[in-house]
Amino acid sequence: MTDTETIEHTPQVWTAGRLREALAGLPDETPLHIGVADGPGDFAGYGEFVLVDLDRVEKELPGQSSGLIEYTLFADYTAGQYEPDPA
């Protein structure tokens, strides 16, 4: 693929209901790991992260008095020892 080529990527975004369904029956103490794709749809060399937070985010919409409410799950690196990023 050259620098000017693009691909259409339309993943199916999960809803809260679909997530609840997937978690049904798991013990409350079950840690959740997230595999982050290296590229669109490429999970062959995914990075493993752990779920650490959920935040309600209101995005402003031009010309509207109320914004769009979205919820974002935040992931962090798994526990371990890491070299600090050079600043």
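The rules behind each value
- Residues numbered from 1 in each chain as written.
- Predicted model: local features only at pLDDT ≥ 70, side-chain atom pairs only at ≥ 80, totals over all residues.
- Heavy atoms only, no water.
- Helix = DSSP H or I, 4+ residues; strand = E, 2+ residues; numbered from the N terminus.
- Rg over C-alpha atoms; globule rule 2.2 N^0.38 Å.
- Buried < 20%, exposed > 50% of the residue type's maximum accessible area, 1.4 Å probe, protein only.
- Contact = heavy atoms within 4.5 Å.
- Areas by Shrake-Rupley, 256 points an atom, 1.4 Å probe, with all protein chains shown as cover.
- Lys, Arg positive; Asp, Glu negative; His and termini not counted.
- Charge placed at Lys NZ, Arg CZ, Asp CG, Glu CD.
- Salt bridge = Lys/Arg side-chain N within 4 Å of Asp/Glu carboxyl O.

## What about the overall build of the protein chain?
From N to C terminus, the protein chain includes one helix and three strands. Reading the secondary structure of the protein chain in the N-to-C direction produces α-β-β-β. Expected size for 87 residues packed as a compact globule is a radius of gyration near 12 Å; at 17 Å, the protein chain overshoots this value by more than 25%. Expressed as a percentage of the 87 residues in the protein chain, the buried residues total 2%. In the protein chain, the proportion of contacts linking residues at least 24 apart, taken out of those at least 6 apart, comes to 24%. Summing over all exposed atoms, the protein chain offers an accessible surface of approximately 8100 Å²; the carbon and sulfur share of this is 53%. Looking at charge distribution, the protein chain has the averaged site of its 4 positive side-chain charges lying 13 Å from that of its 17 negative ones.

## Let's talk about the pattern of salt bridges
Scanning all chains against the criterion turns up one salt bridge. Ionic pairing is found between K59 and E70, a salt bridge with its closest N-O pair at 2.8 Å. You can see K59 sitting in strand 2 (residues 47–59) and its partner E70 sitting in strand 3 (residues 68–77), a full eleven residues away along the chain. The exposure class of K59 is partly exposed, given its relative accessible area of 40%. Judged by its relative accessible area of 29%, E70 falls in the partly exposed class.

## Quick word on the environment of T78
Locating T78 in the fold gives a position in the segment after strand 3. Judged by its relative accessible area of 23%, T78 falls in the partly exposed class. A sequence separation of 31 residues divides T78 from G47, and the C-alpha atoms of the two residues are 9.8 Å apart. Those residues in contact with T78, other than ones at most four positions away along the chain, are H33, E48, F49 and V50.

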